[in-house]
Structure formats: C-alpha cells, structure tokens
Amino acid sequence: MMPAAPTLILLPGWAMAPSALAPLAAALKAPLPDWTIECATLPSLDDDTLEVWLDELDDRLPDHAWLAGWSLGGMLAIALSARRGSRCPGVMTLGSNASFITRRDWGCALPSATLAAFRARWASAPEKTLSRFMALIARGTTPLYPMIRQLEAHAMTMSVEQALAGLSLLQHIDLRSHLTRASCPGLHLFAEFDALAPVSACTAISERLPENSRVHQLSDTGHAFPLEHPEQCARRMAAFIEWHGRRSAHDC
C-alpha cells in the first residue's frame, strides 16, 4: 500500500537506538518538508540469519518508502530494497560497506579476525567492550570525547544473545552482488577517517554500482558522521532524491 506522503525510513547501526539518527531526521525536514521521516529500530533478535532479519523489517516497515541506514542499518536497507524490488523507490547508506569484514577479493573492510576478537570480548565483558566500540565509532570526529558520550547516550539495550546475533550477522552478510544487480537508485556516503567502513570501500563500491546510483566521501570525519554532520548528510540525501526525481521525469 502506497503511503499517504513520500516516506523515508532511517535505520540505525548495530547497538544504536533510533534516537541516534534523530538529528539527521530533523535536518531532513528542511529540504524535504512534505515527507514523512521516521527513525526505526533494528530487529531485536537472537537469530543471525539475514532472511529472518529481513522478514521482521519487511513486515514492520511501510511499503514504497525510501530506505536509509547507518552502518548495519544501511546494509539491511540494501538487502531489504533488493527483496522489495519495485516496492522500494530508493536506498541510501551512511558508512555501510558491501561486506563488513574482509573477504577474498574484498580487502577494503574490517579484518575478520578483529570482529571475531570483538565478539569474544563481548561475550565475557559486554559493558567494557561497548565502551571500546563507541570510541571506535567516534574516531575521526572533533572533539572526540563529547562524541563518545553522545554515542553512549544513544546505545541500545540488548541482551548478550541479541548483541552476539547482530555481530554474527555482520560477520557473514555480503552484499556485493546486491549492489551490482540493484534496480532502485542508491546513494552511498562514506567518511574519510571511518574506522569501521574504510574510505577505500567508496571506490570499490562505486565500481559495482549501476548508473542510477552515486557515492560520496565526506572529508575530515569518521564513522559517526551522521551525528557529527547531520545537515551535510541531509543536503546530500535530499539532493540525490531530487536528482532521481528529475532523472525519472526525463526518462518518462
């Protein structure tokens, strides 16, 4: 069912509450005044199967909405847009890689051993490990420590099982073929100093995208750029939606 107004759904990253993207949602209201913009939660599951996560999102999120997400949220937005096909007019990602970890022929990602070690630390000391994770997200922002505190204020409450399921999902999700076969337009934003989705992924992903999609690199910021620069992200996102609208009208 088509929503009454154009709709954009924002999905947060792993371990983050939807409130983390509230500044971005507020910034988007200026260039998209007639749109419905919603910050949604990620699934709270102890299952690490991608299709199960997509089932939950597909049931809960409105049809025919643009999908956007930060980090894991962006990866899920890509996968859900592929599942929905014509039921998704477009997708946008912020700091989201095609694969969160390195794989054969995909070196522009976090080393797989690093994520495995992080999962092991989380199982034994979740609070301490979460603090380290927030510091990693904040790396590249200025000033650093206020951003860490801001991120901690938006941390999602999860059971150990739910946290480990999300980390396991990050370990095996691979969207490279999704990007190549994407039917809907996509915008993919990256940060110069991102410690989780290295900026080298920007070039690698751009080489796989169809002509209706774009990438852009934000300078002098890190993985937390949606919180540090919400207005800049909003301008890029709104401009892409407008560009796609003009392009579609021209094709008609």
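Residues numbered from 1 in each chain as written. Predicted model: local features only at pLDDT ≥ 70, side-chain atom pairs only at ≥ 80, totals over all residues. Heavy atoms only, no water.

Undergrad: Any chance you could explain the pattern of salt bridges here in plain terms?
TA: For side chains of opposite charge, pairing can occur when their charged atoms come near one another. Summed over the entire model, instances satisfying the criterion amount to 10 salt bridges. For the salt bridge of Glu51 with Arg83, the shortest nitrogen-to-oxygen distance reads 2.6 Å. Of the two residues, Glu51 is situated in helix α2 (residues 50–60) and Arg83 in helix α3 (residues 72–84); the sequence distance between them amounts to 32 residues. Note that Asp63 and Arg87 form a salt bridge whose closest N and O atoms lie 2.5 Å from each other. Separated by 24 residues along the polypeptide, Asp63 in the loop between α2 and β3 (66–70) and Arg87 in the loop between α3 and β4 (91–94) bring together distant segments of the chain. (Salt bridge = Lys/Arg side-chain N within 4 Å of Asp/Glu carboxyl O. Helix = DSSP H or I, 4+ residues; strand = E, 2+ residues; numbered from the N terminus.)

Undergrad: Would you take a moment to explain the side chain of Ser168 for this structure?
TA: Tracing the sequence through the fold places Ser168 in helix α7 (residues 160–172). Here Asp48 takes part through its side chain, which lies 2.5 Å from a polar atom of the side chain of Ser168. When neighbours within four sequence positions are excluded, Ser168 is seen to be in contact with Asp48 and Arg119. (Polar contact = N/O pair within 3.5 Å; in protein donor to acceptor, adjacent residues only side chain to side chain. Contact = heavy atoms within 4.5 Å.)

Undergrad: Sorry if this is basic, but what is going on with the nonpolar core here?
TA: The nonpolar side chains of soluble globular proteins are, as a tendency, buried together. Formed by 86 residues in total, the largest nonpolar core has its most connected members in Leu8, Leu10, Trp14, Leu151 and Met237. For this core, the element with the highest residue contribution is α3, accounting for seven residues. For Leu151, the residues in contact, after removing those within four places along its chain, are Met16, Trp70, Met134, Ile137, Ala138, Ala224 and Leu227. (Core = buried A, V, L, I, M, F, W, Y, C linked by side-chain atoms within 4.5 Å. Buried < 20%, exposed > 50% of the residue type's maximum accessible area, 1.4 Å probe, protein only.)

Undergrad: Just to check I follow, could you spell out the side chain of Thr129 for this structure?
TA: Its place among the elements puts Thr129 in helix α5 (residues 126–138). Those residues in contact with Thr129 that lie beyond four places of it in its chain are Phe118, Arg121 and Trp122.

Undergrad: How do you make sense of the packing of α5 against helix α6 (residues 144–153) when you look at a structure like this?
TA: Between two packed helices, the angle of one axis relative to the other and the distance separating the axes together describe the packing. Contact pair α5 / α6: the axes reach a minimum separation of 9 Å and the direction vectors enclose 125°. It follows from the interaxial angle that α5 and α6 lie oblique. Relative to α6, α5 is oriented so that their crossing is right-handed. Residues Ser131, Met134, Ala135, Ile137 and Ala138 of α5 form the contact with α6, whose participating residues are Leu144, Met147, Ile148, Leu151 and Glu152. Of the residues contributing to the contact of α5 with α6, the split by class is eight nonpolar, one polar and one charged. (Axes fitted to C-alpha atoms, helices over the stretch in contact; angles between N-to-C directions. Parallel < 35°, antiparallel > 145°, perpendicular 65-115°, else oblique. Left-handed = near helix turned anticlockwise from the far one by under 90°. Nonpolar A, V, L, I, M, F, W, Y, C, P; charged D, E, K, R; others polar.)

Undergrad: Can you walk me through the pairing of β4 in this structure?
TA: The two faces of a sheet get side chains in turn, since along a regular strand they alternate between them. Burial of the side chains of β4 extends over both faces: Val91 and Thr93 are buried on one face and Met92 and Leu94 on the other. As a crossover connection, the stretch from β3 through α3 into β4 is right-handed. (Right-handed = clockwise from strand over helix to strand, strands pointing away.)

Undergrad: I would appreciate a short explanation of the sheet that holds strand β5 (residues 186–191) in the present structure.
TA: Hydrogen bonding along the main chain pairs the strands of a sheet, whether they run parallel or antiparallel. With respect to topology, six strands assemble into an open sheet ordered β2-β1-β3-β4-β5-β6, the strand pairing being parallel. Taken across any chain shown, the strands that pair with only one partner, and hence form the sheet edges, are β2 (36–39) and β6 (214–218). Direction aside, the axes of adjacent strands within the sheet are offset by 15° on average. Bridge analysis of β4 against β5 gives four bridges, and the strand direction is parallel. Across the sheet, Thr93 pairs through a bridge with His188, a residue of β5. (Pairing = 2+ DSSP bridges.)

Undergrad: Got a minute to help me understand helix α4 (residues 112–124) in this structure?
TA: For the α-helix, the turn length of 3.6 residues means that residues three or four positions removed from each other point alike. With 13 residues, α4 extends 19 Å between its outermost C-alpha atoms, agreeing within 8% with the 18 Å of an ideal straight helix rising 1.5 Å per residue. For α4, the set of buried residues is Leu115, Phe118 and Trp122. Buried residues of α4, viewed axially, fall in a sector of 55°; they line one side. What points out from α4, more than 90 degrees from its buried face, is the exposed set Ala113, Ala120 and Ser124. Here the buried face of α4 lies against α5 and α7. (Expected span 1.5 Å × (residues − 1). Arc of directions from axis to C-beta.)

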